[in-house]
Amino acid sequence: MRLTSVRPRLLSIITVVAALALADDSGSEPLSQGPTTSKTAPTQPAAPVHSLDRNPRPQLQAKSVYAAPPNTVYVLAGSGPGLTDHPALFRSGDGGQHFARVHLPSAKPFLWLKFVDAEHGYAVLGGVGLNQRTSLMYTTDGARSWHPATLPRAESHISAIDGQGGRVFAAAIQCPHTQTCPHGNARIYSSALGSKSWHPTAATFPRHDLAGGVGFTAWGDSIWITLGNGMEPRQVTMMSTDSGRTFAPSNTSNAVACYPNATSAQITWTTCSTGMLLAFYRHSGEMNPQKLPIAGAGTGGTFLNPLDDHDAYFGTAMGSDAGLYLTRDGGHTFDRLAGLPRLLVRSMNTGQLVFLDTAIGIAPLSGPNLLRTSNGGHTWHAVRFTQ
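Per chain, the residues get numbers from 1 upward, laid out in the order the sequence is written. Where local features are concerned, this predicted model is filtered to residues with pLDDT of at least 70; where side-chain atom pairs are given and counted, the filter is 80 or more; whole-chain, interface and lining totals use all residues. To obtain the side-chain values, all non-hydrogen atoms of the structure were included, while hydrogens and water were left out.

**Quick look at the overall build of the chain**
- Runs of E in the DSSP output that reach at least two residues are strands. Runs of H or I that reach at least four are helices, and both are numbered from the N terminus. Scanning the chain from N- to C-terminus turns up 2 helices and 29 strands.
- We call a residue buried when its accessible area falls under 20% of the maximum for its residue type, exposed when it is over 50%, and partly exposed in between, using a 1.4 Å probe and counting protein chains only. Out of the 387 residues belonging to the chain, those deemed buried represent 56%.
- Two residues form a contact once any of their heavy atoms are found within 4.5 Å. Within the chain, contacts between residues separated by at least 24 positions form 46% of all contacts whose residues are at least 6 apart in sequence.
- Summed over its atoms, the accessible surface of the chain is roughly 15,900 Å², and 53% of this surface lies on carbon and sulfur atoms. Per-residue accessibility takes into account occlusion by the displayed protein chains alone, with areas from the Shrake-Rupley method and a 1.4 Å probe.

**Looking at the nonpolar core**
- For this analysis, a nonpolar core means a set of buried residues of the types Ala, Val, Leu, Ile, Met, Phe, Trp, Tyr and Cys, connected via side-chain atoms within 4.5 Å. One finds Ile-188, Phe-205, Val-214, Phe-216, Ile-225, Leu-227 and Phe-247 to be the most contacted residues of the largest nonpolar core, which totals 21 residues.
- Every element with two or more residues in this core is listed here: strand 11 (167-174), strand 12 (184-192), strand 13 (199-208), strand 14 (215-219), strand 15 (222-227) and strand 16 (235-240).

**A few points about the layout of surface pockets**
- Grid spacing is 1 Å over the protein atoms alone, the probe is 1.4 Å, and a cavity is where that probe fits but cannot get out, while a pocket is an open set with protein on both sides within 12 Å along at least five of seven lines and lining residues have an atom within 4 Å of a point. Grid points are joined across faces, edges and corners, and a volume is the space filled by probe spheres set on the points. In this model, the second largest pocket occupies a volume close to 280 Å³.
- Lining the second largest pocket are 21 residues, with Asn-251, Thr-252, Ser-253, Tyr-281 and Pro-289 positioned closest to its centre.
- Those elements that provide at least two residues to the lining of the second largest pocket are strand 15, strand 16, strand 17 (248-253), strand 18 (257-262), strand 19 (268-273) and strand 20 (277-283).
- By residue number, the principal contributor to the lining of the second largest pocket is strand 17, which donates 4 residues.

**As for the sheet that holds strand 9 (residues 147-148)**
- In this analysis, strands are considered paired if DSSP registers two or more bridges between them. As summarised here, the arrangement of the 4 strands in space is 6-7-8-9, forming an open sheet in which the pairing is antiparallel. Looking at which strands have only one partner, the edges of the open sheet turn out to be strand 6 (110-115) and strand 9.
- Pairing of strand 7 (residues 121-126) with strand 8 (residues 134-139), which is carried by 6 bridges, proceeds in the antiparallel orientation. By the bridge assignment, Val-124 is partnered in strand 8 with Leu-136.

**Description of the packing of aromatic side chains**
- Only rings of Phe, Tyr and Trp enter the pairing, Trp through its six-membered ring, and a pair is recorded when the two centres are within 6.5 Å. The plane angle decides the type: under 30 degrees is stacked, over 60 is edge-to-face, the rest tilted. One pass over the structure, following the stated rule, counts 9 aromatic pairs.
- Here the aromatic rings of Phe-205 and Phe-247 are separated by 5.1 Å at their centres, their planes lie at 80 degrees, and the arrangement is edge-to-face. Taken together, the residues span a long stretch of sequence, with Phe-205 in strand 13 and Phe-247 in the loop between strand 16 and strand 17 at a distance of 42 residues.
- Using a relative accessible area of 8% as the deciding quantity, one classes Phe-205 as buried.
- Taking the relative accessible area as the measure of exposure, Phe-247 reaches 17% and is therefore buried.
- Measuring from centroid to centroid gives 3.6 Å for Tyr-313 and Phe-355, while their planes differ by 10 degrees, and the two rings are stacked. Pair noted here: Tyr-313 is in strand 23 (residues 312-316) and Phe-355 is in strand 26 (residues 354-355), with a separation of 42 residues, a long-range link.
- For Tyr-313, a relative accessible area of 0% gives the class buried.
- Phe-355 gets classed as buried once you look at its relative accessible area, which sits at 0%.
- Among the aromatic residues, ring-to-ring pairing joins Phe-280, Phe-314, Tyr-325 and Phe-334 into one connected group.
- By definition here, charges over rings are those cases where NZ of Lys or CZ of Arg is within 6 Å of the ring centre and within 35 degrees of the ring normal. Over the aromatic face of Trp-269 sits the side chain of Arg-282, whose NZ or CZ is 5.6 Å from the ring centroid.

**Re the pairing of strand 7**
- By the criterion of burial, strand 7 is predominantly enclosed, with 6 of the 6 residues buried.
- Neither face of strand 7 is exposed, since Gly-121, Ala-123 and Leu-125 on one face and Tyr-122, Val-124 and Gly-126 on the opposite face are all buried.
- Hairpin connection from strand 6 to strand 7: 5 residues lie between these consecutive antiparallel strands.

**A closer look at the sheet that holds strand 18**
- In space, the 4 strands of this open sheet follow the order 18-19-20-21, with antiparallel pairing throughout. In this open sheet, the two edge strands, each paired with only one partner strand, are strand 18 and strand 21 (290-297). Across the sheet, the mean angle separating the axes of adjacent strands is 20 degrees when strand polarity is ignored. Axis lines are fitted through C-alpha atoms, for helices just across the contact stretch, and the angle between N-to-C directions can take any value from 0 to 180 degrees.

**A word on the state of the cysteines**
- In this description, the term disulfide denotes a pair of cysteine sulfurs within 2.5 Å. A full pass over the atoms with the stated rule returns 1 disulfide.
- For Cys-258, the disulfide goes to Cys-272, at an S-S distance of 2.1 Å. Taking the torsion about the S-S bond as the criterion, the Cys-258 to Cys-272 disulfide, at about 115 degrees, is right-handed. Highlighted residues: Cys-258 in strand 18 and Cys-272 in strand 19, separated in sequence by 14 residues.
- Residue Cys-258 is classed as buried on the basis of its relative accessible area of 3%.
- Classification of Cys-272 as buried rests on a relative accessible area of 3%.

**Points about the confidence of the model for the chain**
- Known as pLDDT, the predictor's confidence for each residue is given on a scale from 0 to 100. With 80% of its residues at a pLDDT of 70 or more, the chain has an overall mean of 82.
- In the model, residues 1-43 has pLDDT below 50 throughout and makes 109 contacts with residues more than four positions away in sequence or in other chains.

**Quick word on the environment of His-157**
- For His-157, the position within the fold is in strand 10 (residues 157-162).
- Linking His-157 and Ala-186, residues 29 residues apart in sequence, is a C-alpha distance of 9.5 Å.
- Discounting chain neighbours no more than four positions away, the residues touching His-157 are Leu-111, Gly-127, Val-128, Gly-129, Leu-130, Gln-132, Thr-134, Ala-171, Ala-172 and Ile-173.
- Separated by 2.8 Å, the side chain of His-157 and the backbone oxygen of Gln-132 make a polar contact. Under the rule applied, a polar contact is a pair of N or O atoms within 3.5 Å (in protein, one hydrogen donor and one hydrogen acceptor; residues adjacent in sequence only if both atoms are side-chain atoms).

**So, the pattern of salt bridges**
- For salt bridges, the criterion is a side-chain nitrogen of Lys or Arg within 4 Å of an Asp or Glu carboxyl oxygen. All told, the structure shown has 4 salt bridges when counted by the stated rule.
- Note that Arg-91 and Glu-119 form a salt bridge whose closest N and O atoms lie 2.8 Å from each other. With Arg-91 in strand 4 (residues 88-92) and Glu-119 in the loop between strand 6 and strand 7, this pair connects stretches of sequence that are 28 residues apart.
- A salt bridge links Arg-328 to Asp-311; the nearest nitrogen and oxygen atoms lie 3.0 Å apart. One end of the pair, Arg-328, is in the loop between strand 24 (323-327) and strand 25 (335-338); the other, Asp-311, is in the loop between strand 22 (303-306) and strand 23, with 17 residues separating them in the sequence.
- Salt bridges here are not isolated pairs; linked through shared partners, they connect Arg-91, Glu-119 and Arg-144.

See below:
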(Lines give C-alpha, C1' and ligand atoms only; values in the text may rest on other atoms or scores of the structure.)
Protein backbone atom coordinates (compact mmCIF):
# COMPACT_ATOMS: atom_id res chain seq x y z
CA MET A 1 0.00 0.00 0.00
CA ARG A 2 1.28 3.36 -0.91
CA LEU A 3 0.30 6.80 -0.35
CA THR A 4 1.01 10.13 -1.89
CA SER A 5 0.89 13.19 0.19
CA VAL A 6 -1.85 15.73 -0.32
CA ARG A 7 -2.18 19.27 0.90
CA PRO A 8 -5.24 19.54 3.20
CA ARG A 9 -6.64 22.86 4.29
CA LEU A 10 -5.82 23.51 7.91
CA LEU A 11 -8.34 23.88 10.70
CA SER A 12 -7.58 26.19 13.61
CA ILE A 13 -7.54 24.69 17.08
CA ILE A 14 -10.40 27.03 18.00
CA THR A 15 -12.65 25.39 15.44
CA VAL A 16 -11.70 21.93 16.66
CA VAL A 17 -12.52 22.79 20.27
CA ALA A 18 -15.84 24.25 19.17
CA ALA A 19 -16.58 21.11 17.20
CA LEU A 20 -16.38 19.04 20.40
CA ALA A 21 -19.75 20.42 21.41
CA LEU A 22 -21.42 19.12 18.29
CA ALA A 23 -23.23 15.81 18.10
CA ASP A 24 -21.82 12.96 16.01
CA ASP A 25 -22.88 12.65 12.37
CA SER A 26 -25.73 10.30 11.72
CA GLY A 27 -25.30 7.61 9.10
CA SER A 28 -27.22 7.51 5.86
CA GLU A 29 -28.85 4.88 3.73
CA PRO A 30 -26.97 4.12 0.49
CA LEU A 31 -28.62 5.33 -2.69
CA SER A 32 -29.10 3.11 -5.71
CA GLN A 33 -26.35 5.07 -7.47
CA GLY A 34 -24.02 4.89 -4.48
CA PRO A 35 -21.80 2.08 -3.26
CA THR A 36 -23.19 -1.43 -3.87
CA THR A 37 -23.41 -3.30 -0.57
CA SER A 38 -23.59 -7.05 -0.11
CA LYS A 39 -26.27 -6.58 2.54
CA THR A 40 -28.63 -3.83 3.60
CA ALA A 41 -26.75 -1.48 5.90
CA PRO A 42 -28.78 0.03 8.76
CA THR A 43 -28.51 3.68 9.58
CA GLN A 44 -25.49 4.07 11.83
CA PRO A 45 -24.13 7.01 13.78
CA ALA A 46 -20.68 8.34 13.14
CA ALA A 47 -18.00 6.53 15.10
CA PRO A 48 -17.26 8.18 18.48
CA VAL A 49 -13.95 9.86 19.26
CA HIS A 50 -12.35 9.63 22.69
CA SER A 51 -9.60 11.53 24.52
CA LEU A 52 -9.02 14.48 22.18
CA ASP A 53 -6.21 16.75 23.33
CA ARG A 54 -7.59 20.25 24.04
CA ASN A 55 -4.34 22.13 24.57
CA PRO A 56 -4.81 25.51 22.79
CA ARG A 57 -1.09 26.33 22.59
CA PRO A 58 0.48 26.47 19.10
CA GLN A 59 1.69 23.02 18.17
CA LEU A 60 3.11 21.09 15.30
CA GLN A 61 0.36 20.23 12.84
CA ALA A 62 0.21 16.79 11.20
CA LYS A 63 0.25 17.34 7.44
CA SER A 64 0.58 13.83 5.95
CA VAL A 65 0.43 10.26 7.21
CA TYR A 66 2.33 7.41 5.53
CA ALA A 67 1.52 3.77 6.25
CA ALA A 68 4.18 1.07 5.91
CA PRO A 69 2.52 -2.24 6.83
CA PRO A 70 2.40 -4.22 8.91
CA ASN A 71 3.07 -1.89 11.86
CA THR A 72 4.93 1.27 10.83
CA VAL A 73 3.41 4.74 10.49
CA TYR A 74 5.18 8.00 9.62
CA VAL A 75 3.72 11.45 10.29
CA LEU A 76 5.04 14.52 8.49
CA ALA A 77 4.30 17.62 10.56
CA GLY A 78 5.00 21.33 10.39
CA SER A 79 4.27 24.50 12.34
CA GLY A 80 3.51 26.75 9.36
CA PRO A 81 0.64 26.95 6.85
CA GLY A 82 2.44 25.07 4.07
CA LEU A 83 3.01 21.36 3.72
CA THR A 84 6.74 21.70 4.35
CA ASP A 85 6.98 24.79 6.58
CA HIS A 86 9.36 23.93 9.46
CA PRO A 87 8.89 20.21 8.78
CA ALA A 88 9.40 17.44 11.32
CA LEU A 89 9.00 13.68 10.94
CA PHE A 90 7.71 11.16 13.49
CA ARG A 91 7.72 7.36 13.35
CA SER A 92 5.65 4.67 15.06
CA GLY A 93 6.53 0.99 15.04
CA ASP A 94 3.44 -0.20 16.91
CA GLY A 95 0.64 0.74 14.55
CA GLY A 96 0.36 4.38 15.57
CA GLN A 97 0.06 4.01 19.35
CA HIS A 98 3.39 5.66 20.21
CA PHE A 99 5.67 7.91 18.15
CA ALA A 100 9.28 9.07 18.26
CA ARG A 101 10.85 11.89 16.30
CA VAL A 102 13.20 10.87 13.49
CA HIS A 103 15.14 12.88 10.92
CA LEU A 104 14.43 14.69 7.68
CA PRO A 105 17.13 15.69 5.18
CA SER A 106 18.74 18.97 6.19
CA ALA A 107 18.83 20.26 2.60
CA LYS A 108 16.10 22.67 1.48
CA PRO A 109 13.62 23.20 0.06
CA PHE A 110 11.92 19.95 1.00
CA LEU A 111 9.03 18.86 -1.29
CA TRP A 112 7.65 15.42 -0.49
CA LEU A 113 8.31 11.95 0.93
CA LYS A 114 7.72 8.39 -0.21
CA PHE A 115 8.17 5.31 1.98
CA VAL A 116 8.16 1.98 0.16
CA ASP A 117 8.44 -0.03 3.39
CA ALA A 118 9.18 0.48 7.08
CA GLU A 119 12.90 1.19 6.61
CA HIS A 120 13.29 2.51 3.05
CA GLY A 121 12.13 5.97 2.07
CA TYR A 122 12.86 8.77 -0.40
CA ALA A 123 12.78 12.55 -0.04
CA VAL A 124 12.52 14.88 -3.04
CA LEU A 125 13.99 18.38 -2.69
CA GLY A 126 14.02 21.38 -5.03
CA GLY A 127 11.59 23.60 -6.91
CA VAL A 128 7.85 23.06 -6.92
CA GLY A 129 7.17 23.72 -10.62
CA LEU A 130 7.43 20.91 -13.16
CA ASN A 131 10.16 22.87 -14.93
CA GLN A 132 12.18 23.11 -11.70
CA ARG A 133 14.98 20.64 -11.11
CA THR A 134 14.91 18.40 -8.06
CA SER A 135 17.32 16.23 -6.11
CA LEU A 136 16.77 12.94 -4.31
CA MET A 137 17.82 11.58 -0.92
CA TYR A 138 17.13 8.16 0.56
CA THR A 139 17.07 6.37 3.91
CA THR A 140 17.63 2.69 4.66
CA ASP A 141 17.18 2.84 8.44
CA GLY A 142 13.71 4.24 9.01
CA ALA A 143 14.61 7.95 8.62
CA ARG A 144 17.35 7.89 11.21
CA SER A 145 19.81 9.02 8.51
CA TRP A 146 19.58 10.24 4.89
CA HIS A 147 22.01 10.02 1.95
CA PRO A 148 22.13 11.69 -1.49
CA ALA A 149 21.14 9.61 -4.50
CA THR A 150 22.46 10.04 -8.03
CA LEU A 151 20.22 10.44 -11.09
CA PRO A 152 21.98 10.84 -14.47
CA ARG A 153 19.91 13.85 -15.63
CA ALA A 154 20.05 16.55 -12.99
CA GLU A 155 17.71 18.86 -14.93
CA SER A 156 14.70 16.57 -14.45
CA HIS A 157 11.82 17.08 -12.03
CA ILE A 158 11.11 13.89 -10.06
CA SER A 159 7.34 13.48 -10.16
CA ALA A 160 6.77 10.07 -8.53
CA ILE A 161 8.56 7.12 -6.91
CA ASP A 162 7.22 3.62 -6.28
CA GLY A 163 8.29 0.00 -6.04
CA GLN A 164 8.15 -3.32 -4.22
CA GLY A 165 10.13 -6.54 -4.36
CA GLY A 166 13.64 -5.14 -4.16
CA ARG A 167 13.40 -2.60 -7.02
CA VAL A 168 12.30 1.03 -7.05
CA PHE A 169 11.34 3.21 -10.02
CA ALA A 170 11.10 6.98 -10.43
CA ALA A 171 9.19 9.00 -13.03
CA ALA A 172 11.04 12.18 -14.01
CA ILE A 173 9.67 15.02 -16.15
CA GLN A 174 11.53 17.48 -18.34
CA CYS A 175 9.69 20.74 -19.09
CA PRO A 176 12.34 23.09 -20.46
CA HIS A 177 10.08 26.01 -21.45
CA THR A 178 7.10 26.41 -19.12
CA GLN A 179 5.86 25.35 -15.73
CA THR A 180 2.57 24.09 -17.19
CA CYS A 181 4.51 21.57 -19.31
CA PRO A 182 2.33 21.41 -22.47
CA HIS A 183 4.94 19.40 -24.42
CA GLY A 184 7.01 17.67 -21.79
CA ASN A 185 9.08 14.53 -21.82
CA ALA A 186 8.76 11.76 -19.25
CA ARG A 187 11.42 9.19 -18.46
CA ILE A 188 11.65 6.35 -15.96
CA TYR A 189 14.68 5.50 -13.81
CA SER A 190 15.34 2.34 -11.82
CA SER A 191 17.34 1.52 -8.72
CA ALA A 192 17.92 -1.40 -6.41
CA LEU A 193 16.21 -0.82 -3.07
CA GLY A 194 18.60 1.09 -0.81
CA SER A 195 21.08 1.90 -3.57
CA LYS A 196 22.58 5.32 -4.24
CA SER A 197 22.63 4.90 -8.04
CA TRP A 198 19.73 5.21 -10.46
CA HIS A 199 19.76 4.27 -14.15
CA PRO A 200 17.46 5.28 -17.02
CA THR A 201 15.27 2.57 -18.52
CA ALA A 202 15.09 2.19 -22.28
CA ALA A 203 11.63 3.74 -22.73
CA THR A 204 10.93 7.48 -23.05
CA PHE A 205 7.63 9.33 -23.48
CA PRO A 206 8.19 12.52 -25.52
CA ARG A 207 5.87 15.50 -26.10
CA HIS A 208 3.00 14.87 -23.73
CA ASP A 209 0.85 17.37 -21.86
CA LEU A 210 2.07 16.82 -18.32
CA ALA A 211 0.38 19.68 -16.46
CA GLY A 212 -1.06 17.20 -13.97
CA GLY A 213 2.17 15.28 -13.61
CA VAL A 214 2.03 11.56 -14.31
CA GLY A 215 0.08 8.75 -12.74
CA PHE A 216 2.72 6.25 -11.68
CA THR A 217 3.00 2.98 -9.76
CA ALA A 218 5.27 -0.07 -9.76
CA TRP A 219 5.49 -3.53 -8.24
CA GLY A 220 8.28 -6.00 -8.92
CA ASP A 221 9.11 -5.79 -12.64
CA SER A 222 5.73 -4.21 -13.49
CA ILE A 223 5.39 -0.45 -14.07
CA TRP A 224 2.34 1.65 -14.96
CA ILE A 225 2.56 5.28 -16.13
CA THR A 226 -0.45 7.45 -17.03
CA LEU A 227 0.23 10.26 -19.50
CA GLY A 228 -1.93 13.25 -20.43
CA ASN A 229 -3.20 14.14 -16.95
CA GLY A 230 -4.73 17.59 -16.76
CA MET A 231 -4.49 18.68 -20.40
CA GLU A 232 -4.97 15.99 -23.02
CA PRO A 233 -8.58 15.01 -23.85
CA ARG A 234 -7.77 11.34 -23.34
CA GLN A 235 -5.30 9.76 -20.95
CA VAL A 236 -3.38 6.60 -21.79
CA THR A 237 -1.83 4.23 -19.28
CA MET A 238 1.25 2.37 -20.47
CA MET A 239 2.39 -0.84 -18.76
CA SER A 240 5.75 -2.59 -18.67
CA THR A 241 6.36 -6.11 -17.34
CA ASP A 242 10.14 -6.08 -17.93
CA SER A 243 11.33 -3.31 -15.56
CA GLY A 244 10.73 -0.52 -18.08
CA ARG A 245 12.58 -1.87 -21.10
CA THR A 246 9.37 -1.98 -23.15
CA PHE A 247 5.86 -0.56 -22.68
CA ALA A 248 2.48 -1.32 -24.21
CA PRO A 249 -0.90 0.45 -23.82
CA SER A 250 -2.81 -0.89 -20.83
CA ASN A 251 -6.01 1.18 -20.94
CA THR A 252 -7.33 4.63 -21.83
CA SER A 253 -9.64 7.03 -20.02
CA ASN A 254 -11.69 10.13 -20.76
CA ALA A 255 -11.14 11.46 -17.24
CA VAL A 256 -9.34 14.69 -16.40
CA ALA A 257 -6.57 12.79 -14.61
CA CYS A 258 -5.93 9.24 -13.36
CA TYR A 259 -3.55 7.91 -10.71
CA PRO A 260 -3.00 4.12 -10.40
CA ASN A 261 -1.91 2.30 -7.25
CA ALA A 262 -0.48 -1.23 -7.56
CA THR A 263 -1.09 -3.91 -4.92
CA SER A 264 0.74 -6.66 -6.87
CA ALA A 265 2.48 -7.16 -10.19
CA GLN A 266 -0.92 -7.78 -11.81
CA ILE A 267 -3.44 -5.54 -10.00
CA THR A 268 -3.87 -1.76 -9.85
CA TRP A 269 -6.59 0.32 -8.22
CA THR A 270 -7.01 3.68 -9.96
CA THR A 271 -8.52 6.99 -8.85
CA CYS A 272 -9.74 9.21 -11.72
CA SER A 273 -10.99 12.77 -11.62
CA THR A 274 -13.94 13.24 -13.96
CA GLY A 275 -14.52 16.90 -13.13
CA MET A 276 -16.36 17.41 -9.86
CA LEU A 277 -16.50 13.69 -9.07
CA LEU A 278 -13.94 10.96 -8.49
CA ALA A 279 -14.42 7.57 -10.14
CA PHE A 280 -12.55 4.39 -9.24
CA TYR A 281 -11.35 1.37 -11.21
CA ARG A 282 -9.63 -1.96 -10.61
CA HIS A 283 -7.39 -3.23 -13.39
CA SER A 284 -6.12 -6.80 -13.66
CA GLY A 285 -4.48 -6.77 -17.07
CA GLU A 286 -7.48 -6.62 -19.35
CA MET A 287 -7.88 -3.63 -21.67
CA ASN A 288 -11.14 -2.49 -20.06
CA PRO A 289 -10.75 -2.12 -16.29
CA GLN A 290 -13.51 -2.87 -13.81
CA LYS A 291 -15.37 0.27 -12.76
CA LEU A 292 -16.10 0.15 -9.05
CA PRO A 293 -19.63 0.86 -7.74
CA ILE A 294 -18.45 3.89 -5.73
CA ALA A 295 -17.98 7.59 -6.41
CA GLY A 296 -17.73 10.85 -4.52
CA ALA A 297 -16.99 14.54 -4.77
CA GLY A 298 -13.35 15.40 -5.23
CA THR A 299 -13.72 18.21 -2.70
CA GLY A 300 -15.68 16.01 -0.31
CA GLY A 301 -12.84 14.10 1.30
CA THR A 302 -13.39 11.11 -0.97
CA PHE A 303 -10.68 8.46 -1.03
CA LEU A 304 -9.89 4.86 -1.99
CA ASN A 305 -7.28 3.07 0.14
CA PRO A 306 -6.40 -0.37 -1.30
CA LEU A 307 -4.72 -2.81 1.09
CA ASP A 308 -4.11 -5.74 -1.26
CA ASP A 309 -5.58 -7.29 -4.41
CA HIS A 310 -8.94 -7.97 -2.71
CA ASP A 311 -9.38 -5.58 0.23
CA ALA A 312 -9.83 -1.80 -0.02
CA TYR A 313 -11.37 0.95 2.07
CA PHE A 314 -13.51 3.67 0.50
CA GLY A 315 -14.71 6.79 2.26
CA THR A 316 -16.49 10.01 1.45
CA ALA A 317 -17.47 12.88 3.74
CA MET A 318 -20.29 14.45 1.71
CA GLY A 319 -23.63 13.41 0.26
CA SER A 320 -26.18 10.80 1.25
CA ASP A 321 -23.57 8.04 0.96
CA ALA A 322 -21.13 9.66 3.41
CA GLY A 323 -19.35 7.07 5.50
CA LEU A 324 -16.66 4.41 5.55
CA TYR A 325 -16.91 1.27 3.40
CA LEU A 326 -14.85 -1.90 2.93
CA THR A 327 -14.64 -4.37 0.05
CA ARG A 328 -13.24 -7.88 0.57
CA ASP A 329 -14.00 -9.19 -2.93
CA GLY A 330 -11.88 -7.03 -5.23
CA GLY A 331 -14.34 -4.14 -5.46
CA HIS A 332 -17.47 -5.99 -6.56
CA THR A 333 -19.34 -5.03 -3.38
CA PHE A 334 -18.68 -2.54 -0.57
CA ASP A 335 -20.11 -2.90 2.95
CA ARG A 336 -20.82 0.25 4.92
CA LEU A 337 -18.98 0.03 8.24
CA ALA A 338 -19.71 3.31 10.03
CA GLY A 339 -20.07 7.02 9.67
CA LEU A 340 -16.93 9.15 9.64
CA PRO A 341 -16.15 11.07 12.86
CA ARG A 342 -17.49 14.61 12.72
CA LEU A 343 -14.17 16.01 13.95
CA LEU A 344 -12.35 14.35 11.06
CA VAL A 345 -14.87 15.65 8.53
CA ARG A 346 -14.66 19.19 9.92
CA SER A 347 -10.86 19.12 9.86
CA MET A 348 -11.00 18.55 6.06
CA ASN A 349 -8.55 15.65 6.50
CA THR A 350 -10.81 12.77 5.51
CA GLY A 351 -8.77 12.15 2.37
CA GLN A 352 -5.68 11.72 4.58
CA LEU A 353 -7.12 8.66 6.33
CA VAL A 354 -4.89 5.61 5.79
CA PHE A 355 -5.18 2.00 6.91
CA LEU A 356 -2.45 -0.47 7.81
CA ASP A 357 -4.87 -3.40 7.56
CA THR A 358 -8.59 -4.04 7.88
CA ALA A 359 -8.52 -2.98 11.55
CA ILE A 360 -6.02 -0.15 12.11
CA GLY A 361 -6.53 3.27 10.52
CA ILE A 362 -4.98 6.67 11.25
CA ALA A 363 -5.72 10.24 10.14
CA PRO A 364 -4.35 13.69 11.05
CA LEU A 365 -6.66 15.94 13.03
CA SER A 366 -5.25 19.15 14.52
CA GLY A 367 -2.12 20.20 16.35
CA PRO A 368 -0.37 17.13 17.77
CA ASN A 369 -3.51 15.01 17.47
CA LEU A 370 -4.21 12.02 15.26
CA LEU A 371 -7.31 9.89 15.11
CA ARG A 372 -6.75 6.14 15.39
CA THR A 373 -9.10 3.18 15.06
CA SER A 374 -8.22 -0.41 15.88
CA ASN A 375 -11.57 -1.93 14.90
CA GLY A 376 -12.06 -0.91 11.31
CA GLY A 377 -13.53 2.53 11.95
CA HIS A 378 -16.30 1.63 14.42
CA THR A 379 -14.69 3.68 17.20
CA TRP A 380 -11.86 6.21 17.21
CA HIS A 381 -9.41 7.53 19.80
CA ALA A 382 -7.18 10.59 19.70
CA VAL A 383 -3.45 9.94 20.02
CA ARG A 384 -0.51 12.36 20.07
CA PHE A 385 2.49 12.04 17.79
CA THR A 386 4.55 14.45 19.94
CA GLN A 387 5.70 13.94 23.50
